[in-house]
Every structure is written in C-alpha cells, then in structure tokens.
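As a plain string of letters, each chain reads:
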Amino acid sequence: MQRSLEGQIALVTGASSGIGAGVAQSLADAGAKVAINYHSHAEPAEKLAAEITANGGDAFAVAADVSDEHETDAMFDAVVKRYGTVDIVVANSGLQKDARFTELTLDDWRRVIDTNLTGQFLTAQRAVREFQRRGPRPVSKALGKIICMSSVHEIIPWAGHVNYASSKGGIQMMMKSLAQEVAPLRIRVNSIAPGAIRTPINKDAWDTQEALDRLLTLVPYGRVGEVEDIGRAAVWLASDDSDYVIGTTLCVDGGMTLYPGFADNG
Ligand code: NAD
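Residues numbered from 1 in each chain as written. Predicted model: local features only at pLDDT ≥ 70, side-chain atom pairs only at ≥ 80, totals over all residues. Heavy atoms only, no water.

Draft legend 1. Region of the structure containing the sheet that holds strand β3 (residues 59–63). Taking strand neighbours across the sheet as the criterion, the seven strands line up as β3-β2-β1-β4-β5-β6-β7 in an open arrangement whose pairing is parallel. Two strands lie at the open edges of the sheet, namely β3 and β7 (249–252), each paired on one side alone. The mean inter-strand angle of the sheet, taken between neighbouring strand axes irrespective of direction, is 20 degrees. Sheet topology note: the strand β2 (residues 33–38)/β3 ladder contains five bridges and is parallel. (Pairing = 2+ DSSP bridges. Helix = DSSP H or I, 4+ residues; strand = E, 2+ residues; numbered from the N terminus. Axes fitted to C-alpha atoms, helices over the stretch in contact; angles between N-to-C directions.)

Right under this line is the structure:
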C-alpha cells in the first residue's frame, strides 16, 4: 500500500458508518492520522478508531452534529487539541428523508438541507479557518484539502427526493465557489459524487435480488460500488498526486451519470 498521506491529519465527518467509515479507513491505510466524527452513536466510531490504532495507525472518535455551529467548532477544537491541526477534511455527513413532493414536510426539507448542505458549509468554513491559522506544513504542497461528499444527484434529478437532490445540487455550487475563493491560498476543494454505493443509506436499493437487478439497470459497469471505491478516490484527492485538481467533482459511479437509458435508445 502506497502511504501517500504519511504525516498528515484528517477529519472525516459522519464516519461511524458507510462511506465515511470506508474513507477514514482508506486515509488511515495511506498513513494519515484520522479523527472519526459521529453524530449520535459513539460505539461504531470508537470501534473503528480502535481497529485503526490496533493496526499501527492513529485515530480517535469525536462527536458533533455538523448542522450545529457550536458542535462543529468543538469538533475542530478537539482535533486541534489532539493532533495540533488538520490537513485533510472530508465533509461526508448526510441523510435522506424521502417523500413525494406534496407530502414533504418543512421539517424534513430543513433537516436534509441543514445536515447535507449547511453541515458541509460549516465543516468547510472551519477547515479553511484552521488551515489559515496554522500556515503551511511540509507534509503537503497544499495548505489544506477539503473533499465534499456530494452525489450523482448533484447532476441527476431525483423525484421523491427533492430535498436530497437540492442539497447535493447546492453542494456542487458551494464547492466550486469556495474552490475559486481559496485556491489562491493554496487550499484545494473538490467533491466526490458517489453513485450507488453499498451502505445503510440505500439498503432498500440492493438488499434483495429484485431491487439489485433494478438498480443495476442504472449502472453501465454492472456492479454496485463499495466504500473502498470511494476511499481510494478520497486518498487520491487528498494527496499531492492530485495537486493540480481544483474545484472538480469526481464521479465514482460505475457510469451512472452517463445516461445509460440512452445506450440502446436513440
Ligand atoms: P450512512 O447513513 O452510512 O452515512 C451517513 C453518516 O452521516 C452517518 O454516519 C450519520 O451518522 C452521519 N450523520 C447524519 N446526520 C449527521 C449530523 N447532523 N452530524 C454528523 N453526522 C451526521 O450513508 P452513506 O451512504 O455512507 O452516506 C455518506 C455520504 O455519501 C452522504 O453525504 C450521502 O449523501 C453520500 N452518498 C451516498 C451514496 C450511496 O450510494 N451510499 C451515494 C451518493 C452520495
């Protein structure tokens, strides 16, 4: 395993499960120390931190609701107290509250926007402030790296998920505008847009053969994604191997954004 993140410090939000946990593991495997944020259940985050530590890495679990600015501040304070600073911030926390448009409650609209979009705004803002506070470090060409976990639904409209698709569309323009603003500071901001990745958030879409077959009609590459697919992309975007990559969304989706419905129709 190439240790392209040796000596660097990472924070991954929403890392007690799914993609966040996979990304935390991949960053640790690449040599980074990792702060594992969780929202409400400490145990899986502490278990992951213990596993990383037992394998010779360095990780710890830190609580925060990323939609709350005081909790997000406290999360960064805890990371700085433990590791001195942070080099890589992966704003990954997200949730779905699905409903047909006319049934979508204001609470569920707000909850999704607050967590997915405002949560990434607060996380990215604190990251930029911390990168500027501590100045350059010899571990990376960039002052700092931010990776926003977006979705193919920053591009693909999604009926019945208007709140979620709106949050991801918002992340696309937040990421690009922020990337433009902070590139002169040598801060690199990019997104990953996962397609269908096997995690708790979309269990209904892959846990029966019928659901899986239906899902795979949307994936030209013919398989569901695994969290390691996203983890490897995150390691690359966090490393100096991608030093000239700024303001880009990297789709890791088996071709889902290639409009597979047009493959034999037109
Ligand atoms: P998941 O449910 O396993 O992970 C989401 C994580 O976010 C959980 O650990 C949850 O505790 C955390 N979270 C929720 N609200 C939070 C809050 N207020 N503060 C802090 N943490 C909070 O699902 P996942 O699939 O791993 O999703 C991770 C990210 O990837 C999300 O942003 C999701 O939109 C995105 N994504 C997932 C897929 C997929 O196919 N799984 C596809 C595209 C995008």
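The discussion continues.
Draft legend 2. Structural view of empty space enclosed by the protein. Counted by the stated rule, this structure contains one cavity of 30 Å³ or more. Here the largest cavity is characterised by a volume of approximately 30 Å³. The class makeup of the residues in the lining of the largest cavity is three nonpolar, two polar and four charged. (1 Å grid on protein atoms, 1.4 Å probe; cavity = no way out; pocket = protein on both sides within 12 Å on 5 of 7 lines; lining within 4 Å. Points joined across faces, edges and corners; volume = space filled by probe spheres on them. Nonpolar A, V, L, I, M, F, W, Y, C, P; charged D, E, K, R; others polar.)

Draft legend 3. Spatial organisation of the site of the ligand. In the vicinity of the ligand lie 28 residues, with Ser-17, Ile-19, Tyr-164, Ile-197 and Thr-199 positioned nearest. At 2.9 Å from an oxygen atom of the ligand is found a side-chain nitrogen or oxygen belonging to Lys-168. Within the backbone of Gly-195, one N or O atom sits 3.0 Å away from an oxygen atom of the ligand. Contact with the protein chains removes 91% of the 820 Å² of surface that the ligand exposes when unbound. Elements that contribute at least two residues to the shell around the ligand include exactly α1 (18–29) and α5 (162–182). Its residues assigned to classes, the shell around the ligand shows 11 nonpolar, 15 polar and two charged. (Near = heavy atom within 4 Å. Polar contact = N/O pair within 3.5 Å; in protein donor to acceptor, adjacent residues only side chain to side chain. Areas by Shrake-Rupley, 256 points an atom, 1.4 Å probe, with all protein chains shown as cover.)

Draft legend 4. Here's a closer look at the packing of helix α3 (residues 69–83) against helix α4 (residues 106–134). In contact at an axis separation of 10 Å, α3 and α4 are set at 40 degrees when each is read in the N-to-C sense. Of the two possible hands of crossing, α3 and α4 adopt the one that is right-handed. For the pair formed by α3 and α4, the contact residues are Glu-69, Thr-72, Asp-73, Phe-76 and Val-80 on the first element and Leu-122, Thr-123, Arg-126, Ala-127, Glu-130 and Arg-133 on the second. Its residues assigned to classes, the contact of α3 with α4 comprises four nonpolar, two polar and five charged. (Left-handed = near helix turned anticlockwise from the far one by under 90°. Contact = heavy atoms within 4.5 Å.)

Draft legend 5. Seen up close, α4. Spanning 29 residues, α4 covers 40 Å between terminal C-alpha atoms, matching the ideal 42 Å at 1.5 Å per step. Of all the bends in α4, the greatest measures close to 35 degrees and is centred on Asp-114. Of the residues flanking the end of α4, it is Gly-135, one or two places downstream, whose phi is positive at about 75 degrees. (Expected span 1.5 Å × (residues − 1). Bend = angle between axes of the 7 residues up to and from the residue.)

Draft legend 6. Quick look at the side chain of Thr-249. Here Thr-249 is to be found in strand β7. In terms of polar contacts, Thr-249 uses its side chain to reach the side chain of Glu-154, at 3.0 Å. Residues within four places of Thr-249 in sequence aside, it is in contact with Glu-154, Met-175, Ser-191 and Ala-193.

Draft legend 7. Quick peek at unusual backbone geometry. Even without being glycine, Arg-186 reaches a positive phi, approximately 65 degrees. The class of Arg-186 is partly exposed, set by a relative accessible area of 49%. Even without being a glycine, Tyr-259 presents a positive backbone phi close to 50 degrees. Mapped onto the secondary structure, Tyr-259 falls in the segment after β7. A relative accessible area of 52% places Tyr-259 in the exposed class. (Buried < 20%, exposed > 50% of the residue type's maximum accessible area, 1.4 Å probe, protein only.)

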